[in-house]
Amino acid sequence: MFTARHRLELPSLPTLANPKLEAELKERIDQKTKPPGSLGRLESLAIQLGLILNSTNPQIVDPQIRVFAADHGLTDEGVSAFPKAVTQQMVLNFLAGGAAINVFARQHGISLKVVDAGVDGDFTAHPDLIALKVMRGTRNSLQTAAMNADECIQAVVCGMGLVREAPGNLLIVGEMGIGNTSAASLLLSKLGGVPIETCVGPGTGLQDNGIKHKTQVLAQVLHKHRNLKNPLEVLAAMGGLEIAMMVGALLQAASQRRILLIDGFIASSALLVAEKLQPGVKDFAVFSHHSAEPGHSQLLKLLEATPLLDLQMCLGEGTGAVVAFPLLKSALGFLNEMASFSTAGVSNKA
């Protein structure tokens, strides 16, 4: 239960409203050797990145991936096709470099660290593992709050601190946690006012009967916690440790004018919580792709977001964000390197 002593100091956000800078960026783009608007969404993306980084010559520096891992007590209710042990096993796979996110991170030269936010298992020290375990998985939210106030705030604060210590100006948050599509669906339904039936999908591979059972369980969880309204209390009651830590990471990164390259359903649910806590966080976000998980469509509508890609991906881990990363490089590449009509000696439009 949250009381007066449970206070979370949120970092303040810089404003992105800068008409002068926006006009300068648009003028630079319009003077490139091309018809106006011919690079489509890359042009608006270049302007957004310039506003976030507060520069007419924006550069992505030392991009970072943080994959947050934690277990969920709600898996006791049979809401996932995979056993809880897979969370710990996949963390070991990340550390061995064998997961999809490892492959894509290596491909694009992005630094990756794995964060133990609350895995129900122990790990030996590893240079790519950040040990911030709050507890060994959340409690079963059908029976009680997934986290108490202290645990939830600790997870959010850990996420903030982790970003303060990280280099770079672009952050990708990925996740691993058997059962976390259930937590994300609950957060979406409760904070977004969306019927739970439209939020629930197969997750790691449930079939029709499994999805029906999952929906029924989540409806019961929502009923149990029906009186909660404060976003932090909702996060504690029905969220996950990895989601809470991602919320803190996104809040801190936005406060430092970092680009938030958002992955799919789980990462977007963390952004929704962050936006409810600190309106304006979403302005720092670039939405990488449209997840095949049904609830992501609802989240994108709530966040007024148009993703860059639609590849029917739903793996999580941050994979969709890393696949979209080259588009950001291309947007800044043409802004910073493409010749203008005057420098190239090309006649402009009459």
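Below, the structure is looked at part by part. Note that the coordinates shown come from a computational prediction; the quantities given were computed from them, not determined experimentally.

Side note on the side chain of Asp71
- Note on placement: Asp71 falls in the loop between β1 (64-70) and α3 (85-96).
- Within the buried core, Asp71 has no salt-bridge partner, and the shortest N-O distance to an opposite charge, that of Lys84, equals 5.9 Å.
- At a separation of 2.7 Å, a polar atom in the side chain of Asp71 contacts the main-chain amide nitrogen of Asp120.
- Those residues within four positions of Asp71 in sequence are excluded, and the remaining contacts are Lys84, Thr87, Gly118, Val119, Asp120, Gly137 and Thr138.

Here's the deal with α3
- Given a rise of 1.5 Å per residue, 12 residues ought to cover 16 Å, and the 17 Å separating the end C-alpha atoms of α3 matches this to within 8%.
- All of the buried residues along α3 are Val86, Thr87, Met90, Val91, Phe94 and Leu95.
- Check the buried side of α3 and you find it contacts β1, α4 (100-108), β2 (111-118), β3 (129-131) and β4 (170-176).
- Gly97, located one to two residues past α3, shows a positive phi value of around 85 degrees.

A look at unusual backbone geometry
- The backbone phi angle of Asp62 is positive, close to 50 degrees, even though this residue is not glycine.
- Summarising the element assignment, Asp62 is placed in the loop between α2 (41-53) and β1.
- Residues other than glycine seldom take positive phi values, yet Glu317 does so here, at roughly 70 degrees.
- Examined against the element boundaries, Glu317 turns out to sit in the loop between α11 (295-302) and α12 (319-337).

Some points on the sheet that holds strand β5 (residues 259-262)
- As summarised here, the arrangement of the six strands in space is β3-β2-β1-β4-β5-β6, forming an open sheet in which the pairing is parallel. The open sheet terminates on both sides in strands that have one partner only, identified here as β3 and β6 (285-287). Ignoring strand direction, the axes of neighbouring strands in this sheet form an average angle of 25 degrees.
- Here two bridges tie β4 to β5, and the two strands are oriented parallel to one another. Each bridged residue has a counterpart across the sheet, and for Leu171 the counterpart in β5 is Leu260.

Some thoughts on α2
- The terminal C-alpha atoms of α2, which comprises 13 residues, lie 18 Å apart, in line with the 18 Å expected from a rise of 1.5 Å per residue.
- All of the buried residues along α2 are Glu43, Leu45, Ala46, Ile47, Leu49, Gly50, Leu51, Ile52 and Leu53.
- Directly after α2, the chain includes Asn54, whose backbone phi takes a positive value near 60 degrees.

Here's the deal with the environment of Leu271
- Here Leu271 shows up in helix α10 (residues 265-277).
- Placed 28 residues apart in sequence, Leu271 and Ile243 show a C-alpha to C-alpha distance of 9.2 Å.

Topic: the nonpolar core
- Counting 119 residues, the largest nonpolar core has Leu235, Leu260 and Leu328 as the members making the most contacts within it.
- The leading source of residues in this core is helix α9 (residues 241-255), at 11 residues.

Remarks on the packing of α9 against α10
- Where α9 contacts α10, the two axes come as close as 8 Å, and the packing angle between them is 60 degrees. Taken together, the axes of α9 and α10 lie oblique to each other. Here α9 and α10 pass one another in a crossing that is right-handed. Across from Ile243, Met246, Val247, Leu250 and Leu251 in α9, the residues of α10 making contact are Ile266, Ala267, Ser269, Ala270, Leu271, Val273, Ala274 and Leu277.

Concerning the pattern of salt bridges
- If you walk through the whole model with that rule in mind, you get 11 salt bridges.
- Measuring nitrogen to oxygen at the nearest pair gives 3.9 Å for the salt bridge that ties Arg7 to Glu9. Summarising the burial analysis for this pair, Arg7 and Glu9 share the class exposed.
- Bridged by salt links that share partners, the residues Lys84, Asp120, Asp122 and Arg136 form one connected network.

A closer look at the pairing of β5
- Side chains Ile259 and Leu261 of β5 all project onto a buried face; the interleaved residues Leu260 and Ile262 project onto the opposite face, where all are buried too.
- Inspection of the sheet shows β5 paired to β6 by three bridges, in the parallel sense. The partner of Leu260 across the bridge, within β6, is Ala285.
- Read as a crossover between parallel neighbours, the route from β5 over α10 to β6 is right-handed.

A closer look at the pairing of β4
- A large share of β4 lies buried, amounting to seven of its seven residues.
- Across the two faces of β4 the burial is the same, with Leu170, Ile172, Gly174 and Met176 and Leu171, Val173 and Glu175 all buried.
- Examined bridge by bridge, β1 and β4 share six bridges and lie parallel to one another. Bridge pairing links Val67 to Gly174 in β4.

The rules we used
Residues numbered from 1 in each chain as written. Predicted model: local features only at pLDDT ≥ 70, side-chain atom pairs only at ≥ 80, totals over all residues. Heavy atoms only, no water. Helix = DSSP H or I, 4+ residues; strand = E, 2+ residues; numbered from the N terminus. Buried < 20%, exposed > 50% of the residue type's maximum accessible area, 1.4 Å probe, protein only. Lys, Arg positive; Asp, Glu negative; His and termini not counted. Salt bridge = Lys/Arg side-chain N within 4 Å of Asp/Glu carboxyl O. Polar contact = N/O pair within 3.5 Å; in protein donor to acceptor, adjacent residues only side chain to side chain. Contact = heavy atoms within 4.5 Å. Expected span 1.5 Å × (residues − 1). Pairing = 2+ DSSP bridges. Axes fitted to C-alpha atoms, helices over the stretch in contact; angles between N-to-C directions. Core = buried A, V, L, I, M, F, W, Y, C linked by side-chain atoms within 4.5 Å. Parallel < 35°, antiparallel > 145°, perpendicular 65-115°, else oblique. Left-handed = near helix turned anticlockwise from the far one by under 90°. Right-handed = clockwise from strand over helix to strand, strands pointing away.

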